[in-house]
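A closer look at the structure
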Amino acid sequence: MAKKKKKPQRKQGHPAKVNANVMSLAHAKVKRGLDALTPDYVRWYEQTYQGTGAVEMDLMAVRDSLSFYADLVGLDSVTDFDPQAIVAIVHGLVEREEHREDQKHLGMILSEAWISYSLFLEESGLWKHHARELEMLREGLHSTQFSFNGGPGIGGILEEEAELSTEEREAAAKAQFDAMPVVALGHAMAAWVAQSPERRWNSKNPKPFIQSALQELEASIPSGITGDRREIIMGYVFMSLAMAGVLSLDFGQPQLMENAEGFVSAEGDVGLGATYLLVRSMVQLLIATPEEGNEEADEVWDLTLGWLTAAQDGEPHLVAEDRYPDRSEEVWAKAHARMREMIDLGIVESGDYYTVPPMVQTILADLEDEELGPEDDEESLYGDAADWEEEELFRPARTEPYTGKVLQLKLGLRDTKPPIWRRVLVPMDLHLGDLHDIIQAAFDWDNTHLHIFRTGLYDGTSYGADIPELEVDVDETAALVSGVLKAEKDRLEYSYDFGDDWRVRIDVEKVLDGDGEFLPRCTGGRRFSPLENSGGTEGWDAKMDIIRDAGHPEHEEVQEWLADTYFEIPDPAEFTIESVNERLMEEF
């Protein structure tokens, strides 16, 4: 079976895509949320930049990085997120690329996409928090973009000294990492994930997963970390492994990535880079900005961050120094407790003064340059899951099984030989915008192009999205499926991506009674669906002929294009009802 690859190595197309062909519920929510914003974003983009050149790629990049964010901490809205965590995720995605040129290219795409999206949110009034947060996001992204545009790489993590070779600098970095209990804990968790493939991560309710890890990895947790903080620290380590590219969270199933082996050995650019990102993410989470309105937490945070900054500047704080008169005993004690916790993890050094290892000095300077300080704390990670709504953002979930009339539709992709088609059961109370989503799921497309419905091949009433870029007779969300497709042999035409010109013939085969089962659902189909952006049916067929002919002069070029879409060479006969229904369940 053809499978999408887990590690991105794009030079074009979807630059930040990190997940496979079946979206999780969280990913579906992100997709739907951005779909709803797309018309407004396109209008804003055109007015701001006098054109729509990169708007499509920008939205793809934002969608894919928000999907990664949703896997880590959950996401209720595509307009409400932690800006500084986004910067960290962008940095982590870019660091996954093995080659410097790929890092530079991906860093530029992601940074520019998020800078534009953040400006759109701010100027359109969709951002409900302080504008300074988005300014910090953009500053952080500018820093990230610079660092992969000629800034220091992994070889520059330690200050370069003329008398030290690259091997000696890497050995010094490895020695520091090996001495950190947090790195050993990361190694233990990565090994546990590899040995426990049945474990599943749920960003809405992470406690069961983390508590299982606590039980199994008891011996790896520093003894000084006790009580509720054990669970928090374990959650932070897991999140940091994902940010470092050691773990993936495809479909909520934690899996080791390709650089996990290098991470465990902490050798070479890949291993050192992943270890550096693990420690960096841990520091970032441990110095998280507390929630607004919690004065005591603000004071604790202010003290700990001040002591870390002093250590970075070479003027460390004396551990036994008298309490500042403007700080209460409770705040003073909690701040020292946080510092002892970082000592237990190896992030702060033990001694008469609060000092930090050279690697942590570099990390603190890195975070300071990007003005990082994610606002995630214990409550935001482990808040009451019952208070977090599970329902989808823009399509209300059914509270009762559908029992009305059901259309059995055959979706036939035109101009394909042998024919490519899908059979789906569709409730008659859905609108044509929903039918568009069903077709996208049926053919595993990404909804990144314009589309239109028409009651005839070239004439008749047209239905589509109500946006300036598309002239249609009727808004598709105002037209029920039952108003267009009513009886057997009724037909509707669907066109998608007016460049590649994918055309689907929609035929009513039967009108059935609802059976109380999940709807919409797929009941049949044939053959693998062509990939988007492949040149339409003729272009797809030509590419498949070329990829199977190693002597063809364009073989290498098509092979690279296919690799950029994360697919192995597809089997043209491949089709499974289950994969379509998984996508439909996530969408509906």
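Residues numbered from 1 in each chain as written. Predicted model: local features only at pLDDT ≥ 70, side-chain atom pairs only at ≥ 80, totals over all residues. Heavy atoms only, no water.

**Observations concerning the layout of surface pockets**
Estimated volume of the second largest pocket: approximately 1000 Å³. Lining of the second largest pocket is provided by 38 residues; of these, Asp 35, Thr 38, Pro 39, Asn 447 and Ala 465 occupy positions nearest its centre. Going through the elements one at a time, helix H1 (25–49), helix H2 (55–73) and helix H16 (432–442) are the ones with two or more residues in the lining of the second largest pocket. The leading source of residues in the lining of the second largest pocket is H1, at 8 residues. (1 Å grid on protein atoms, 1.4 Å probe; cavity = no way out; pocket = protein on both sides within 12 Å on 5 of 7 lines; lining within 4 Å. Points joined across faces, edges and corners; volume = space filled by probe spheres on them. Helix = DSSP H or I, 4+ residues; strand = E, 2+ residues; numbered from the N terminus.)

**Some remarks on the environment of His 317**
One can find His 317 in the loop between helix H12 (295–312) and helix H13 (329–345). Judged by relative accessible area, His 317 falls into the buried class, the value being 5%. Counting along the chain gives 37 residues from His 317 to Tyr 354, while the straight-line C-alpha distance between them is 5.5 Å. With residues up to four places along the chain from it excluded, the contact list for His 317 reads Trp 307, Tyr 324, Trp 332, His 336, Asp 352, Tyr 353 and Tyr 354. (Buried < 20%, exposed > 50% of the residue type's maximum accessible area, 1.4 Å probe, protein only. Contact = heavy atoms within 4.5 Å.)

**Observations concerning the sheet that holds strand E9 (residues 502–513)**
Across the sheet, which stays open at both edges, the 8 strands sit in the order E7-E6-E5-E8-E9-E3-E4-E10 with mixed pairing between neighbours. Edge strands, defined here as strands with exactly one partner in the open sheet, are strand E7 (474–475) and strand E10 (521–526). Looking at chain direction, strand E3 (residues 405–413) and strand E4 (residues 420–427) are connected through 8 bridges and run antiparallel. Bridged to Leu 413 within E4 is Ile 420. In the packing of helix H20 (residues 577–587) onto the sheet, the strands contacted are E4 and E10, and the crossing angle to E10 comes to about 145°. (Pairing = 2+ DSSP bridges. Axes fitted to C-alpha atoms, helices over the stretch in contact; angles between N-to-C directions.)

**Thoughts on the packing of aromatic side chains**
With the rule as written, the count across this model stands at 17 aromatic pairs. Ring geometry for Tyr 41 versus Tyr 45: centroids 5.9 Å apart, planes at 50°, classification tilted. Here the residue Tyr 41 and the residue Tyr 45 both occupy positions in helix H1, the gap between them amounting to 4 residues, near one helical turn. Each member of the pair, Tyr 41 as well as Tyr 45, is classed as buried. Centroid distance Phe 528 to Trp 540: 6.3 Å. Interplanar angle 15°. Geometry classified as stacked. Taken together, the residues span a long stretch of sequence, with Phe 528 in the loop between E10 and helix H18 (536–547) and Trp 540 in helix H18 at a distance of 12 residues. (Phe/Tyr/Trp six-rings, centres within 6.5 Å; stacked < 30°, edge-to-face > 60°.)

**Some remarks on the pairing of E9**
On any regular strand, side chains alternate: one points to one face of the sheet, the next to the other face. Across 9 bridges, E3 lies against E9 in antiparallel orientation. Counterpart to Leu 413 in the pairing with E9 is Val 504. Pairing analysis gives 6 bridges linking strand E8 (residues 491–496) to E9, with the strands arranged antiparallel. Paired with Tyr 494 across the two strands is Val 504, which belongs to E9. Count of turn residues in the E8/E9 antiparallel hairpin: 5 residues, of which Asp 497 carries a positive phi of about 60°.

**Examining the pairing of strand E5 (residues 451–454)**
By the bridge criterion, 4 bridges tie E5 to E8 in an arrangement that is antiparallel. Pairing of Ile 452 across the sheet is with Ser 495, part of E8. Pairing between E5 and strand E6 (residues 462–464): 2 bridges, direction antiparallel. Bridged to Arg 454 within E6 is Ser 462.

**What about the nonpolar core?**
Counting residues in hydrophobic clusters, the biggest one holds 61 residues, and the most contacted among them are Met 189, Ile 233, Met 234, Met 282 and Ile 347. Contributions of two or more residues to this core are made by helix H6 (166–178), helix H7 (181–195), helix H8 (207–216), helix H9 (228–243), helix H11 (268–286), H12, H13 and helix H14 (358–370). With 10 residues, H11 is the largest single contributor of residues to this core. Once residues within four sequence positions are removed from consideration, Ile 233 is found in contact with Leu 185, Ile 225, Met 282, Leu 286, Glu 341 and Leu 345. Within the second largest apolar cluster, 48 residues are counted, among which are Leu 430, Val 508, Leu 531 and Leu 584. (Core = buried A, V, L, I, M, F, W, Y, C linked by side-chain atoms within 4.5 Å.)

**Focus: a negative patch on the surface**
The grouping of Glu 538, Asp 541, Asp 545 and Asp 549 at the surface amounts to a negative patch. Tracing the backbone shows Asp 541 in helix H18. (Patch = residues over 30% accessible without salt bridge, like charges linked within 9 Å, V, L, I, M, F, W, Y side chains within 5 Å. Areas by Shrake-Rupley, 256 points an atom, 1.4 Å probe, with all protein chains shown as cover. Salt bridge = Lys/Arg side-chain N within 4 Å of Asp/Glu carboxyl O. Lys, Arg positive; Asp, Glu negative; His and termini not counted. Charge placed at Lys NZ, Arg CZ, Asp CG, Glu CD.)

**A look at the pattern of salt bridges**
Inspection of every chain in the model, using the stated rule, returns 19 salt bridges. The shortest N-O distance in the salt bridge between Asp 302 and Arg 327 comes to 2.6 Å. In this pair, Asp 302 is assigned in helix H12 and Arg 327 in the loop between H12 and H13, connecting sequence segments 25 residues apart. The partner of Arg 583 in a salt bridge is Asp 444, and the shortest N-O contact between them spans 3.9 Å. Taken together, the residues Arg 583 in helix H20 and Asp 444 in the loop between H16 and E5 connect sequence positions 139 residues apart. Where salt bridges share partners, they join Glu 296, Glu 330 and Lys 334 into one cluster.

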